[in-house]
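These are the residues of each chain, in order.
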Amino acid sequence: MTSGFSKRLFTGSIASIVWGSATARIITVNCIAFVIITLLNLTLEGFGMGRAAASCQLALPADVRMFATRPWTLFTYTLVNTDLLRLLFNMLWLLCFGRLLSLPMSASRLTWLYIAGGISGGVLYLAGTIFDLWHGTWLMGPSASIIAVTVATALMLPQLEINMLIIGRVKVIWVAMCVLLIYFLDIDGQNLGGNAAHVGGALTGIAVGLMRGRVPGLRLRFMEASKKKQNQKKNIKTPNRSAKEFTEEDNRRLDAILDKVKRAGYGALSDAEKRELFDISGRIK
């Protein structure tokens with residue numbers, strides 16, 4: 001990312017930082033929930049009700065019969081972060097990939113993707129309990145939701161480059177793969193139920209990423225190839241040109257936008273330039 005793009009992402013008023021985007025709202029809700037749940041746990045522990053009484057009421061149980069009495073846990077388990085370090089780790093990756101995914105995706109769709117990732121992860125976790133693959137455990141944390149966002153970002157923006165400390169410029173697809181590897185590291189059976197939820201979140205991210213379909217890197221290569229064909233035909237006169245046909249002005253603007261993408265990455269484009277890019281691409285035959 002260019003420095004200008006980074007400034008646009010991470011600057012603004014306190015209100016904008018806390019509630020100015022879908023990613024900011026999700027992070028704020030998670031942080032507030034962490035504080036409230038922690039205080040409730042301490043309070044209930046003081047009354048002799050157990051160390052994590054509040055967390056257990058919100059976490060998803062590995063028992064379908066118990067879940068039937070607590071259906072809300074399919075939604076609330078993503079709000080239960082076990083400790084501050086886990087919260088910071090989860091929110092860091094959500095901030096990174098959520099901000100990137102907000103480029104091609106609206107705030108409402110990003111929010112629904114996050115929720116759907118959590119639900120699909122919870123459903124897959126519950127499915128495993130039917131076959132007694134894990135028992136006596138609780139599913140907690142937003143990992144499934146974050147994995148859904150991560151996978152969707154990797155599929156929709158694979159060629160976008162971001163600056164990583166020490167390493168330098170790295171494509172989003174490689175960063176996403178490293179994050180997924182970290183989440184799946186304990187695949188040895190210590191967290192089998194959690195990994196099932198991670199798979200559910202990943203499947204949601206794959207479905208959304210493929211359905212949305214607009215992967216800039218692939219689309220730009222297609223546009224460049226199509227533009228070359230247009231240049232080969234530019235001397236052929238066609239009567240009664242439609243106002244929506246690809247014109248010389250479109251060709252000039254497309255060259256300028258593609259050059260900017262090559263220099264600074266897709267994220268450096270303004271909203272108007274991204275709309276113009278897709279509008280022009282629709283007129284390429």
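It should be emphasised that the depicted structure is a prediction, and the values quoted were computed from it without experimental measurement.

## Let's talk about the pattern of salt bridges
Consideration 1: The full count for this structure, using the stated rule, is 1 salt bridge.
Consideration 2: Here Arg-65 and Asp-63 are joined by a salt bridge, their closest N and O atoms 3.8 Å apart.
Consideration 3: Judged by relative accessible area, which is 70%, Arg-65 ranks as exposed.
Consideration 4: A relative accessible area of 26% places Asp-63 in the partly exposed class.

## What about the environment of Asp-63?
Consideration 1: One can find Asp-63 in the loop between strand S1 (60–61) and helix H5 (64–69).
Consideration 2: When the C-alpha atoms of Asp-63 and Ala-127 are compared, they prove to be 9.8 Å apart, with 64 residues separating the residues in sequence.

## Looking at a nonpolar patch on the surface
Consideration 1: A contiguous nonpolar patch, built from Leu-124, Val-199, Leu-203, Ile-206 and Leu-210 and spanning about 420 Å² of accessible area, is present on the exposed surface.
Consideration 2: If one sorts the elements of the nonpolar patch by residue count, helix H11 (residues 192–212) sits on top with 4 residues.
Consideration 3: Mapping Leu-210 onto the fold places it in helix H11.
Consideration 4: Look at Leu-210 and you get exposed, because its relative accessible area is 61%.

## Concerning helix H9 (residues 143–156)
Consideration 1: Over its 14 residues, H9 runs 20 Å from end to end, which matches the ideal 20 Å to within 8%, given 1.5 Å per residue.
Consideration 2: Of all 14 residues in H9, 13 are buried; the element is thus mostly enclosed.

## Describing the packing of helix H3 (residues 22–46) against helix H7 (residues 84–101)
Consideration 1: One can describe the packing of H3 onto H7 by two numbers: an axis separation of 9 Å at closest approach and a directional angle of 170 degrees. Here H7 runs roughly antiparallel to H3, going by the angle between their axes. Between H3, through Thr-23, Ile-26, Ile-27, Asn-30 and Phe-34, and H7, the contact on the second element is made entirely by Leu-84, Leu-87, Met-91, Leu-94, Leu-95, Gly-98 and Arg-99.
Consideration 2: A breakdown of the residues in the contact of H3 with H7 according to their chemical character gives 8 nonpolar, 3 polar and 1 charged.

## Looking at H3
Along an α-helix, residues three or four apart share an orientation, since each turn contains 3.6 residues.
Consideration 1: Here H3 is 25 residues long and its end C-alpha atoms lie 36 Å apart, about the 36 Å a rise of 1.5 Å per residue gives.
Consideration 2: Where H3 is concerned, the buried positions are Ala-22, Thr-23, Ala-24, Ile-26, Ile-27, Thr-28, Asn-30, Ala-33, Phe-34, Ile-37 and Asn-41.
Consideration 3: Phi turns positive one or two residues past the end of H3, at Gly-48, with a value near 75 degrees.

## Focus on the nonpolar core
Consideration 1: The biggest cluster of nonpolar side chains holds 35 residues, and the ones touching the most others in it are Leu-94, Phe-97, Leu-101 and Leu-113.
Consideration 2: Listing elements by their share of this core, those giving two or more residues are H3, H7, helix H8 (107–130), H9, helix H10 (172–183) and H11.
Consideration 3: With 8 residues, H9 is the single largest residue contributor to this core.
Consideration 4: In this structure Leu-101 touches Leu-110, Leu-113, Val-149, Ala-152, Thr-153, Met-156 and Leu-157, once residues within four positions along its chain are discounted.

## Section: the packing of aromatic side chains
Consideration 1: Inspection of every chain in the model, using the stated rule, returns 2 aromatic pairs.
Consideration 2: Plain terms: the ring middles of Phe-89 and Trp-93 are 6.2 Å apart, the flat faces sit at 80 degrees to each other, and that makes the pair edge-to-face. Of this pair, Phe-89 and Trp-93 both sit in helix H7, 4 residues apart, roughly one helical turn.
Consideration 3: By relative accessible area, which is 15% here, Trp-93 ends up buried.

## Digging into the side chain of Thr-204
Consideration 1: One can find Thr-204 in helix H11.
Consideration 2: On the basis of relative accessibility, which here comes to 13%, the residue Thr-204 falls in the buried class.
Consideration 3: Polar side-chain contacts of Thr-204 include one of 2.6 Å to the side chain of Ser-120.
Consideration 4: Ignoring anything within four residues of it in the chain, the contact list for Thr-204 reads Leu-113, Ala-116, Gly-117, Ser-120 and Ala-148.

## So, the confidence of the model for the protein chain
Consideration 1: With 73% of its residues at a pLDDT of 70 or more, the protein chain has an overall mean of 78.
Consideration 2: Across the protein chain, element-level confidence peaks in helix H6 (residues 73–76) with a mean pLDDT of 95 and bottoms out in helix H1 (residues 3–10) with 46.
Consideration 3: In the predicted structure, residues 214–226 sits below a pLDDT of 50 and forms 23 contacts with residues beyond four places in sequence or in another chain.
Consideration 4: Confidence drops under a pLDDT of 50 for residues 233–243, and excluding neighbours within four residues, the segment shows 4 contacts in the predicted structure.

Cut-offs applied
Residues numbered from 1 in each chain as written. Predicted model: local features only at pLDDT ≥ 70, side-chain atom pairs only at ≥ 80, totals over all residues. Heavy atoms only, no water. Salt bridge = Lys/Arg side-chain N within 4 Å of Asp/Glu carboxyl O. Buried < 20%, exposed > 50% of the residue type's maximum accessible area, 1.4 Å probe, protein only. Helix = DSSP H or I, 4+ residues; strand = E, 2+ residues; numbered from the N terminus. Patch = residues over 30% accessible without salt bridge, like charges linked within 9 Å, V, L, I, M, F, W, Y side chains within 5 Å. Areas by Shrake-Rupley, 256 points an atom, 1.4 Å probe, with all protein chains shown as cover. Expected span 1.5 Å × (residues − 1). Axes fitted to C-alpha atoms, helices over the stretch in contact; angles between N-to-C directions. Parallel < 35°, antiparallel > 145°, perpendicular 65-115°, else oblique. Contact = heavy atoms within 4.5 Å. Nonpolar A, V, L, I, M, F, W, Y, C, P; charged D, E, K, R; others polar. Core = buried A, V, L, I, M, F, W, Y, C linked by side-chain atoms within 4.5 Å. Phe/Tyr/Trp six-rings, centres within 6.5 Å; stacked < 30°, edge-to-face > 60°. Polar contact = N/O pair within 3.5 Å; in protein donor to acceptor, adjacent residues only side chain to side chain. pLDDT = per-residue confidence, 0-100.

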